[in-house]
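Listed below, chain by chain, are the residues.
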Amino acid sequence: GVQDADLTPPSTTISVSGVRANGWSTSPVQVTLIATDTLAGVFKTEYSSDNSVTWQIYGSPFTINTPGTSTIWYRSVDRAGNREQSHQFSFMIDQALPEASIEFDVRTKDIVITGHDGLGLASVVDANSKVTVYDQAGNTLQLVFNERNRKKQFAATLVSMSYNMKGVTVTPNRFVFTWKTDKSGRLVK
């Protein structure tokens, strides 16, 4: 019959929601597997999330929300017993928002803002009174300052702060750095 003549394994494709071109997602990821077989028909589709050690039968889309890198292995078997070679797909989830630390640089006599993210690098775009920190997934932290810089003092107030463009309440604050220099411009302790 048809099953005897079927020597071609099925073909399975994976679809993931919310994963950007750079492989990152800022939300849980829904995984959908779609299998097709031209002759005998698909018997089962399987997936593994532990490097193909254990396989689970795929029934319906499932969600992954583990931070960091996830790899899904997947394959199908047709009714003639042809098993597809397993495929793998990797993506990264980062729902954590980046943070920033503010320090005074004695060499430049200016504040330096450094970005931090639990899953990797965070870059800082410093446009003077507006500073934005980006993590690799595209999460953002934006800080807006009202600042005054004089020869012997730097004073700033954090006016607004937003995570992924959503404002957060900022309590009244002000930070001031004052310094003394000798005649040659070096800092005096």
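Residues numbered from 1 in each chain as written. Predicted model: local features only at pLDDT ≥ 70, side-chain atom pairs only at ≥ 80, totals over all residues. Heavy atoms only, no water.

Caption draft 1: Here's a closer look at the sheet that holds strand S7 (residues 68-78). On the basis of which strands lie adjacent, the open sheet formed by five strands has the order S2-S8-S7-S4-S5 and mixed pairing. Bordering the open sheet on either side are strand S2 (24-25) and strand S5 (56-57), each of which pairs with just one other strand. (Pairing = 2+ DSSP bridges. Helix = DSSP H or I, 4+ residues; strand = E, 2+ residues; numbered from the N terminus.)

Caption draft 2: Layout of the nonpolar core. Core analysis: the largest hydrophobic core is formed by 13 residues, its most contacted members being Ile-113, Leu-141, Leu-143, Phe-145 and Phe-154. By residue number, the principal contributor to this core is strand S14 (residues 153-163), which donates four residues. What Leu-141 contacts, discounting residues up to four positions off in sequence, is Pro-98, Glu-99, Ala-100, Val-131, Thr-132, Val-133, Met-161, Ser-162 and Tyr-163. If you look at the next biggest cluster of nonpolar residues, it comprises eleven residues, including Val-31, Leu-33, Tyr-58 and Ile-64. (Core = buried A, V, L, I, M, F, W, Y, C linked by side-chain atoms within 4.5 Å. Buried < 20%, exposed > 50% of the residue type's maximum accessible area, 1.4 Å probe, protein only. Contact = heavy atoms within 4.5 Å.)

Caption draft 3: Focus on the environment of Asp-94. Within the fold, Asp-94 resides in the loop between strand S8 (87-93) and strand S9 (99-105). Classification of Asp-94 as buried rests on a relative accessible area of 0%. When sequence neighbours within four positions are dropped, the list of residues in contact with Asp-94 reads Trp-24, Ser-25, Thr-26, Asp-117, Leu-119, Asp-135, Ala-137 and Asn-139.

Caption draft 4: Region of the structure containing the packing of aromatic side chains. Going through the model one piece at a time under the given rule, you end up with seven aromatic pairs. On the numbers, 6.4 Å between centres and 80° between planes, the contact of Tyr-47 with Tyr-58 is edge-to-face. Note that Tyr-47 is positioned in strand S4 (residues 42-48) and Tyr-58 in the loop between S5 and strand S6 (62-64), a separation of eleven residues in sequence. Relative accessible area serves as the criterion here: at 12%, Tyr-47 is assigned to the buried category. (Phe/Tyr/Trp six-rings, centres within 6.5 Å; stacked < 30°, edge-to-face > 60°.)

Caption draft 5: Representation of the pairing of S9 in the model. In the sheet, S9 pairs with strand S10 (residues 110-116) via seven bridges, with the strands oriented antiparallel. Bridge pairing in S10 links Asp-105 to Asp-110. Hairpin connection between S9 and S10: a loop of four residues separates the two successive antiparallel strands, and Lys-109 in this loop has a positive phi of roughly 55°.

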